[in-house]
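Summary of the model geometry
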Amino acid sequence: MNQTIKRVLYTILSCVLITAAVKLFGVSWSIACGIGLIGFILFAYIINILRDIILNRVVMQTYYDEMEYLRRQMVATVSCSYCGKLNGVGFRMDQRNEFECEHCHKNNLLSITASTAQITTPLTEVAELVNKKI
Ligand SMILES: [Zn+2]
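Residues numbered from 1 in each chain as written. Predicted model: local features only at pLDDT ≥ 70, side-chain atom pairs only at ≥ 80, totals over all residues.

**Here's the deal with the overall build of the protein**
Note the threshold: Segments assigned H or I by DSSP are reported as helices when at least four residues long, segments assigned E as strands when at least two residues long, and all are numbered from the N terminus. For a compact globule the rule gives 2.2 Å times the number of residues to the power 0.38, and the radius of gyration it is set against comes from C-alpha atoms. Two residues qualify as a contact pair if the distance between their C-beta atoms, derived from the backbone, is within 7 Å.
What the protein contains, in helices and strands, is three helices and four strands. Starting at the N terminus, the α and β elements of the protein follow one another as α-α-β-β-β-β-α. Over its C-alpha atoms the protein spans a radius of gyration of 33 Å, topping by over 25% the 14 Å that the globule rule assigns to 134 residues. C-alpha atoms of the protein, sized along the principal axes, occupy 95 × 55 × 20 Å. Relative to all contacts within the protein whose residues are 6 or more apart in sequence, the contacts with residues 24 or more apart total 21%.

Written out as structure tokens, the structure reads:
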């Protein structure tokens, strides 16, 4: 059943239940129906607000998930294994990384290797040391 029809039926059913509950207190039908109508309007309004809040949360969560995915993605310029031309490629360390060459349109597998380097003093700190000695 369509969600909208289901929602309207729930709202009408709760309106009828409110009217019947109010009638049990011994008030006239016109007052009971008036209160039921007010209940219908309030339920419809509250359900719409809740739906908007839930949809906003889902949209925002999807947005944050995409931003988190992009934040964890790194970019490197690598050469194609077929034509040798350079491509800017986004990659992640926690998944298999493939890319299609922009130039020859062949699929490449991105191979990541680790290497070591000596720890050196940044040039800005060297310049500060030199300035202090002068
Ligand atoms: Zn290529």
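**Concerning the pairing of strand β2 (residues 86-91)**
The condition is simple: Strands pair, by our definition, only if DSSP identifies at least two bridges between them.
Pairing of strand β1 (residues 74-79) with β2 involves six bridges; the strand directions are antiparallel. The partner of A76 across the bridge, within β2, is V89.

**A few points about the pairing of β1**
Two faces belong to every sheet, and in a regular strand the side chains alternate between them. Here is the rule: Whether a residue is buried, exposed or partly exposed is read from the other C-beta atoms within 10 Å of its own C-beta, which are placed from the backbone; 20 or more gives buried, 12 or fewer gives exposed, and intermediate counts give partly exposed.
Burial within β1 is sparse, with just zero of its six residues counted as buried. Linking two consecutive strands that pair antiparallel, namely β1 and β2, is a turn of six residues; a positive phi of about 80° is found at G84 within it.

**Notes on the domain arrangement of the protein**
Short version of the rule: Domain delimitation follows an automatic or database domain assignment.
Domain annotation of the protein identifies domain 1 (3-71) and domain 2 (74-109). Using C-alpha coordinates to define each centre, domain 1 is positioned 51 Å away from domain 2.

**A few points about helix α2 (residues 29-72)**
Stated formally: To estimate the expected span of a helix, count its residues, drop one, and scale the result by 1.5 Å.
The first and last C-alpha atoms of α2 sit 63 Å apart over 44 residues, in line with the 64 Å expected at 1.5 Å per residue. Buried residues are scarce in α2, accounting for one of its 44 residues.

**Considerations on the packing of helix α1 (residues 3-24) against α2**
The condition is simple: In this description, a line fitted to the C-alpha atoms serves as the axis of each element, helices being fitted only across the stretch in contact, and the angle between N-to-C directions of two axes falls anywhere from 0 to 180 degrees. The crossing is said to be left-handed when, going from far helix to near helix, the turn is anticlockwise and less than a right angle, and right-handed when the turn is clockwise. Under the grouping applied here, Gly and all other residues not named as nonpolar or charged are polar, the nonpolar ones being Ala, Val, Leu, Ile, Met, Phe, Trp, Tyr, Cys and Pro and the charged ones Asp, Glu, Lys and Arg.
Packing of α1 against α2 brings their axes to within 8 Å, and their N-to-C directions diverge by 145°. Crossing angle aside, the handedness with which α1 passes α2 is right-handed. Of α2, the residues touching α1 (which contributes R7, T11, S14, C15, V16, I18, T19, V22 and K23) are W29, A32, C33, I35, G36, G39, F40, F43, A44 and I47. Considering only residue class, the contact of α1 with α2 consists of 12 nonpolar, five polar and two charged.

**What to know about α1**
Between its first and last C-alpha atoms α1 spans 32 Å; for 22 residues at 1.5 Å apiece the expected length is 32 Å, and the two agree. Positive backbone phi, approximately 90°, marks G26, located one or two places after α1.

**Some remarks on unusual backbone geometry**
In most cases, non-glycine residues show a negative phi, while peptide bonds are predominantly trans. Not every positive phi belongs to a glycine, and H105 is a case in point at roughly 60°. Position of H105 among the secondary structure elements: in the loop between β3 (98-100) and β4 (107-109). Judged by the 10 C-beta atoms lying within 10 Å of it, H105 is exposed.

**Here's the deal with the environment of V89**
Tracing the backbone shows V89 in strand β2. Along the primary structure V89 and S111 are separated by 22 residues, whereas in three dimensions their C-alpha atoms are 12 Å apart. Dropping the residues within four chain positions of it, V89 is found in contact with V75, A76, V78, F99 and L110.

**Considerations on the environment of K23**
Among the secondary structure elements, K23 is positioned in helix α1. Residue K23 is classed as partly exposed on the basis of its 16 C-beta neighbours within 10 Å. For the pair K23 and I35, spaced 12 residues apart in sequence, the C-alpha to C-alpha distance is 9.8 Å. With near-sequence residues (within four places) excluded, K23 lies in contact with W29 and A32.

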